[in-house]
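Structural features, examined
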Amino acid sequence: MLDPKLLRTHLDEVVVLLKKKGVDFDVAHYQSLEERRKSLQIETEALQNKRKDGSKTIGLLMKEGRQDEAEQLKQEISQIGDALDALASEFDQVSHALDHLMMELPNLPDSSVPEGASETDNVEVAIQGTAPEFNFTPRDHIELGELFSGLDFDAAANLSGSRFVTMHGAFARLHRALIQYMLDMHTDAHGYQETYVPYLVDGAVLEGTGQLPKFKDDLFRIAPEDGGGRERYLIPTAEVPLTNLVRNQIVPADQLPLQFVAHTPCFRAEAGSYGRDVRGMFRQHQFDKVELVWVTHPDASWDALEALRSHAEAILQGLGLHYRVVNLCGGDLGFSAAKTYDLEVWLPGQSQFREISSCSNCVDFQARRMQARFRNAQGKPELVHTLNGSGVAIGRCLIAVVENYQNEDGSIRVPACLQPYLNTDCLKPASL
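To keep things clear, this report deals only with the structure shown in the data block. Note that the structure is a prediction, hence the values are computed from the model and not measured. (Residues numbered from 1 in each chain as written. Predicted model: local features only at pLDDT ≥ 70, side-chain atom pairs only at ≥ 80, totals over all residues. Heavy atoms only, no water.)

1. Let's talk about the environment of arginine 37
Under the convention used in this document: Strands here mean DSSP runs of E at least two residues long; helices mean DSSP runs of H or I at least four residues long; both are numbered from the N terminus. Note on definitions: a residue-residue contact is assigned when non-hydrogen atoms from the two residues lie within 4.5 Å.
One can find arginine 37 in helix α3 (residues 27-63). Discounting residues that sit within four places of it in the chain, arginine 37 has contacts with Arg8, Phe91, Val94 and Leu98.

As structure tokens, then:
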């Protein structure tokens, strides 16, 4: 959530930055609410002072034996109480409207974020390796999955509908090996604490990281049929529970930064992606991801973003994959992010780069919603900064490995870093 003081003191600047992110802020509506809030505060304070002074006067009148005047003043003060109750009720309504408005506003983009309306305006900042050359027409992951009997979309559709997949044999083993490789890399080489988290969370937890209330349609909700019990949501990413580990806490400053890594399934309704990536397993309702989360001192968060990005890149470099890094433009930037680097891996089956990781600095935006703080040098509570990144998406990484390491006969070479997990240097379909 944005700092309300920022809107009150630098409204024009906020409006410009929101515009960079593609948001047209209703300034008139905000100002009317804010002016009414101030007016209600002033009216309330005036009536409270009047009631306080009247109570003192009643005491004096009673001492002087002027009972009739005291009783009349008591009636007047009673009416002040009714007026204060009405003001309090309206103040609550206005405050609720302001809170709702603030919860719907995205984070402001950093000055290093490029201008632009969509992903076509993202700026390439680095590229690693070169695309593999084949002396045959490369298969995509769907064709390779059929050759291995490793991917079954029809079986998954019979179980759950579209945008699900079942994996078998070599593909299931490769999927598991990728998870283990990433967790080992991030814990052993990069210093993350491996963490297991719930896959079901309360709505307040999703509010903390910014998925609610704005993106409710993208979530899977679990509600008891009888109306009793707690409503929960399936996590869209491990970022949600990992970041909320510091919710409503004051983290000791000497423990910063905190670095968490978790492997979880992720569940997304993909409400806004109708017609996109309907073929194959690139965009699923359920997929696995290894997620990285940092909780840092505010002075350290931009250096942390570069470190986080390098850790995600290390996975792709270890796998020998061709990829590029792009700095997302304002119009393509996520709701909670102040800046995001996307890592896009080369997929021969699509002959293009596709996103496999997003690494974002959310500065104090999520921390303010979660009330996650530390004590600064003066001992005063101050908001931490939070960052998150995919380290990386497992299914998309599997696609990249099988498509980039395929042979003409359909077999798949195993990258050296995965060979200890699979005990082989080549995966072969049953026909070979």
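2. Quick word on the nonpolar core
Heads up, the rule is: Among buried residues, those of type Ala, Val, Leu, Ile, Met, Phe, Trp, Tyr and Cys that are joined through side-chain atoms within 4.5 Å constitute a nonpolar core. Throughout, exposure labels follow a simple rule: accessible area from a 1.4 Å probe, protein chains only, divided by the maximum for the residue type, with under 20% read as buried, over 50% as exposed, and the rest as partly exposed.
With 52 residues, the main nonpolar core has Leu174, Leu178, Met182, Leu319 and Leu418 as its most contacted residues. Per-element accounting of this core gives the leading share, 10 residues, to helix α7 (residues 169-189). Those residues in contact with leucine 319 that sit more than four places away from it in its chain are Leu178, Tyr181, Cys397, Val401, Tyr405, Pro415, Cys417 and Leu418. Core analysis: the next-biggest nonpolar cluster, separate from the first, contains 20 residues, Val14, Val94, Met102 and Leu108 among them.

3. Some remarks on the sheet that holds strand β6 (residues 221-222)
Strands belonging to one sheet form pairs held by backbone hydrogen bonds; the direction of such a pair is parallel or antiparallel. This is how the line gets drawn: Being paired, for any two strands, means DSSP has found at least two bridges between them.
Strand order in the open sheet made by the 3 strands is β5-β7-β6, with antiparallel pairing throughout. Looking at strand neighbours, the two that pair on one side only are β5 (200-202) and β6, the edges of this open sheet. Strand direction decides the pairing type here: β6 and strand β7 (residues 232-234), joined by 2 bridges, are antiparallel. Counterpart to arginine 221 in the pairing with β7 is tyrosine 233.

4. What to know about the environment of threonine 209
Worth spelling out the cut-off: Whenever a nitrogen or oxygen atom comes within 3.5 Å of another N or O atom, the pair is scored as a polar contact, on the condition that within protein one atom can donate a hydrogen and the other can accept it, and that pairs from neighbouring residues in sequence are kept only if both atoms are in side chains.
Among the structural elements, threonine 209 can be located in helix α8 (residues 203-209). When the C-alpha atoms of threonine 209 and tyrosine 233 are compared, they prove to be 13 Å apart, with 24 residues separating the residues in sequence. Apart from residues lying up to four places away in sequence, threonine 209 is in contact with Glu239, Val240, Thr243, Asn244, Ser336 and Gln366. Here the side chain of threonine 209 touches glutamine 211 through a polar contact of 2.6 Å, side chain to side chain.

5. Describing the packing of aromatic side chains
Using the following cut-off: Geometry of aromatic contacts follows a simple scheme: Phe, Tyr and Trp rings, the Trp one being its six-membered ring, pair when their centres are within 6.5 Å, and the pair is stacked under 30 degrees between planes, edge-to-face over 60, tilted otherwise.
The full count for this structure, using the stated rule, is 8 aromatic pairs. Geometrically, the ring pair formed by tyrosine 192 and tryptophan 294 is edge-to-face, given 6.2 Å between the ring centres and 80 degrees between the ring planes. Residue tyrosine 192 is located in the loop between α7 and β4 (193-194), and its partner tryptophan 294 is located in strand β10 (residues 286-296); the two are separated by 102 residues in the primary sequence. Each member of the pair, tyrosine 192 as well as tryptophan 294, carries the same accessibility label: buried. The rings of Phe215, Phe335 and Phe365 are connected pair by pair, giving a single aromatic cluster.

6. Remarks on the packing of α7 against helix α10 (residues 301-318)
To be explicit about the condition: Only the contacting stretch of a helix is used when fitting its axis, a line to C-alpha atoms as for every element, and angles between N-to-C directions run 0 to 180 degrees. Reported orientations rely on four angle classes, namely roughly parallel under 35 degrees, roughly antiparallel over 145, roughly perpendicular from 65 to 115, and oblique for the rest. A clockwise turn of the near helix away from the far one marks a right-handed crossing, whereas an anticlockwise turn of less than a right angle marks a left-handed crossing. We call Asp, Glu, Lys and Arg charged. Ala, Val, Leu, Ile, Met, Phe, Trp, Tyr, Cys and Pro are nonpolar, and the rest, Gly among them, are polar.
For the pair α7 and α10, the least separation of the axes is 10 Å and the interaxial angle reads 130 degrees. One element, α7, and the other, α10, form an angle in the oblique class. The handedness of the crossing between α7 and α10 comes out as right-handed. Only His311, Ala314, Ile315 and Gly318 of α10 make contact with α7, whose side of the interface consists of Tyr181, Met182, Met185 and His186. Residues that form the contact of α7 with α10 fall into these classes: 5 nonpolar, 3 polar and no charged.

7. Concerning the pairing of strand β12 (residues 339-347)
For β12, a buried count of 9 out of 9 residues is recorded, marking the element as mostly surrounded by other parts of the structure. Both faces of β12 are covered, namely the face carrying Lys339, Tyr341, Leu343, Val345 and Leu347 and the face carrying Thr340, Asp342, Glu344 and Trp346. When strand β11 (residues 323-327) meets β12, the two strands line up antiparallel, connected through 5 bridges. Its bridge partner lying in β12, valine 326 is registered against aspartate 342. Across 9 bridges, β12 lies against strand β13 (residues 352-361) in antiparallel orientation. Of the residues in β13, the one forming a bridge with glutamate 344 is glutamate 355.

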